[in-house]
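What the coordinates show
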Amino acid sequence: MQKIHAAITAVGGYVPDYVMTNAEMETMVDTSDEWIQSRTGIKERRILKGEGKGTSDMAVEAVKQILEKKNLKPTDIELLICATTTPDFVFPATANVITDKLGMTNAFGYDVSAACSGFLFALTTASQFIESGRYKKIIVVGGDKMSSILNYDDRTTCIIFGDGCGAVLLEPDTEGYGVIDSILRSDGNGRQYLYQKAGGSVKPASMETVMNKEHYVYQEGQTVFKFAVKNMAEVAAEVMERNQLTASDVAWLVPHQANKRIITATYERMGLAPEKVMINIDRYGNTTNGTLPLCLWEWEKQLHKGDNIILAAFGGGFTWGATYIKWAYDS
Ligand code: UT7
């Protein structure tokens, strides 16, 4: 019997309407459009406005597109995994909120927490359920409302991130298309360089933690940058080597959108031409778990059946990884 692979068969995405430009950033912190563009590649990012709106609201819009594209009923979905760092609540899982809002009464759901690598970790996990033969329709969501954990007085972090969410549908394939290989890594020693200091069980929320602004993203940018450049580039090259792929075999690189300079280092290490690299950091900034599926969503129409695609990510934790997909359909 042919091996079952988990094939992405549809992509959905959602970015909020509100565009926060670098010019608006200049009115909030001591920064400049020139600095932000030259150091990160970002021109603008999207922000989810509105009282009571969370990550699940963006996810619902992304998943609805998939259901419409594939003419599926919510009850056809068996499992939904949501990768997010900004869940609606500490508990229950945002996946549960999404499935409830969409009426996916036959699906179970849970969240995956691996910071910016979360989508790759969730995609790999979901693929195992498909490969086992027991599950036929799984949705993987990656998204974040980063604006909910950003300190808009801290110019070193608030300029980088934005809000957005993407989703993919996974179905079984026996013709050799789908998720072929993944290399995932983590190193908890890196947690000190990129994390949220309070709000977990070690330091629950208190008046003091709020006053000290400990519920926001804390990042030692340069250190994270160095680890990201090295590890994202290396793991992407490793997944190519392990699958005997040369640069000319690769149709697309889908890199995590943290910093244009990290993306450049990665595709150069892989020997790829810039035309083969999906880059939308200029318009969306770093949407954390949203970056990879949002790229697939924007480029979906340019993808062809049989394309070799490498996804690569690096994030807090530290976590990093690369996944090799043989694309399963022409749009
Ligand atoms: O997605 C998860 C993983 N995260 C990442 O991969 C992010 C990795 N890190 C980075 O992308 C970069 O380190 C940053 C974009 C965060 C910062 O860029 P950098 O080139 O590493 O800047 P830096 O921290 O070395 O700071 C250089 C200078 C400093 O001034 P002095 O000390 O040289 O006078 C900063 O104070 O730039 C200053 N600076 C700014 N200036 C204007 C820092 N942020 C800003 C700003 N506007 N927003």
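Not measured: the values here are computed from a predicted model. (Residues numbered from 1 in each chain as written. Predicted model: local features only at pLDDT ≥ 70, side-chain atom pairs only at ≥ 80, totals over all residues. Heavy atoms only, no water.)

1. Regarding the packing of aromatic side chains
Scanning all chains against the criterion turns up 11 aromatic pairs. Between F108 and F129, the aromatic rings sit 6.1 Å apart at their centres with planes inclined by 65°, giving edge-to-face as the arrangement. Here F108, found in strand β5 (residues 108–112), pairs with F129, found in helix α5 (residues 118–131); they are 21 residues apart in sequence, far enough to count as distant. For F129, a relative accessible area of 22% gives the class partly exposed. Geometrically, the ring pair formed by Y193 and F227 is stacked, given 6.3 Å between the ring centres and 25° between the ring planes. Of this pair, Y193 sits in the loop between β8 (178–186) and β9 (194–196) while F227 sits in helix α8 (residues 221–242), and the two are 34 residues apart along the sequence. On the basis of relative accessible area, F227 is assigned to the partly exposed category, the value being 33%. Clustering of aromatic rings is evident, with ring pairs tying together Y193, F227, F314, F318 and W320. Over the aromatic face of Y18 sits the side chain of K49, whose NZ or CZ is 4.4 Å from the ring centroid. (Phe/Tyr/Trp six-rings, centres within 6.5 Å; stacked < 30°, edge-to-face > 60°. Helix = DSSP H or I, 4+ residues; strand = E, 2+ residues; numbered from the N terminus. Buried < 20%, exposed > 50% of the residue type's maximum accessible area, 1.4 Å probe, protein only. Lys NZ or Arg CZ within 6 Å of the ring centre and 35° of its normal.)

2. Observations concerning the sheet that holds strand β11 (residues 252–255)
Strands sit in the order β8-β13-β12-β11 across an open sheet of 4 strands; the sheet is mixed. A single partner strand is all that each edge strand has here, and the edge strands are β8 and β11. Across the sheet, the mean angle separating the axes of adjacent strands is 15° when strand polarity is ignored. The pairing of β11 with strand β12 (residues 308–315) spans 4 bridges and is classified as parallel. Bridged to P255 within β12 is A312. Most of the contacts of helix α11 (residues 291–299) go to β11, to which it runs at about 140°, and overall it touches β11 and β12. (Pairing = 2+ DSSP bridges. Axes fitted to C-alpha atoms, helices over the stretch in contact; angles between N-to-C directions. Contact = heavy atoms within 4.5 Å.)

3. A few points about the site of the ligand
In the vicinity of the ligand, 23 residues are found, and the nearest of them are T31, R39, Q222, N259 and N286. W35 places a polar side-chain atom, nitrogen or oxygen, 3.4 Å from an oxygen atom of the ligand. Coverage of the ligand by the protein chains reaches 74% of its 950 Å² of free accessible surface. Secondary structure elements with two or more residues in the shell around the ligand: α2 (33–40), α6 (155–158), α8 and α9 (260–270). Broken down by element, the residue count for the shell around the ligand peaks at 4 residues, all from α8. In the shell around the ligand, the residues fall into 10 nonpolar, 9 polar and 4 charged. (Near = heavy atom within 4 Å. Polar contact = N/O pair within 3.5 Å; in protein donor to acceptor, adjacent residues only side chain to side chain. Areas by Shrake-Rupley, 256 points an atom, 1.4 Å probe, with all protein chains shown as cover. Nonpolar A, V, L, I, M, F, W, Y, C, P; charged D, E, K, R; others polar.)

4. What to know about unusual backbone geometry
P92 follows F91 through a cis peptide bond whose omega is 0°. Omega for the bond connecting G317 with F318 falls within 30 degrees of zero, at -15°, which places this linkage in the cis form. Along the chain, F318 turns up in the loop between β12 and β13 (319–326). Phi is positive for N71, close to 55°, though the residue is something other than glycine. Looking at the element boundaries, N71 is found in the loop between α3 (55–70) and β4 (79–83). On the basis of relative accessible area, N71 is assigned to the exposed category, the value being 71%. Here the phi dihedral of Q244 falls at roughly 50°; this positive angle occurs in a residue that is not glycine. As for its placement among the helices and strands, Q244 is situated in the loop between α8 and β11.

5. Looking at the domain arrangement of the protein
Taken as a whole, the protein is organised into domain 1 (5–176) and domain 2 (180–326). Here domain 1 and domain 2 have C-alpha centroids that lie 14 Å from each other. Listed per partner, the contact involves 52 residues of domain 1 and 45 residues of domain 2. Taking both sides of the interface into account, the surface hidden between domain 1 and domain 2 amounts to around 3700 Å²; carbon and sulfur atoms contribute 60%. Taken together, domain 1 and domain 2 are joined by 2 salt bridges. The shortest N-O distance in the salt bridge between K69 and E300 comes to 2.6 Å. Elements with a contribution of two residues or more to the side of domain 1 that touches domain 2: β1 (5–14), α2, β3 (44–47), α3, α5, β6 (138–145) and β7 (163–173). Residue contributions to the side of domain 1 that touches domain 2 peak at 7 residues, all from β1. Here the residues of the side of domain 1 that touches domain 2 sort into 22 nonpolar, 20 polar and 10 charged. (Domains from an automatic or database assignment. Buried area = accessible area lost by both parts, 1.4 Å probe. Salt bridge = Lys/Arg side-chain N within 4 Å of Asp/Glu carboxyl O.)

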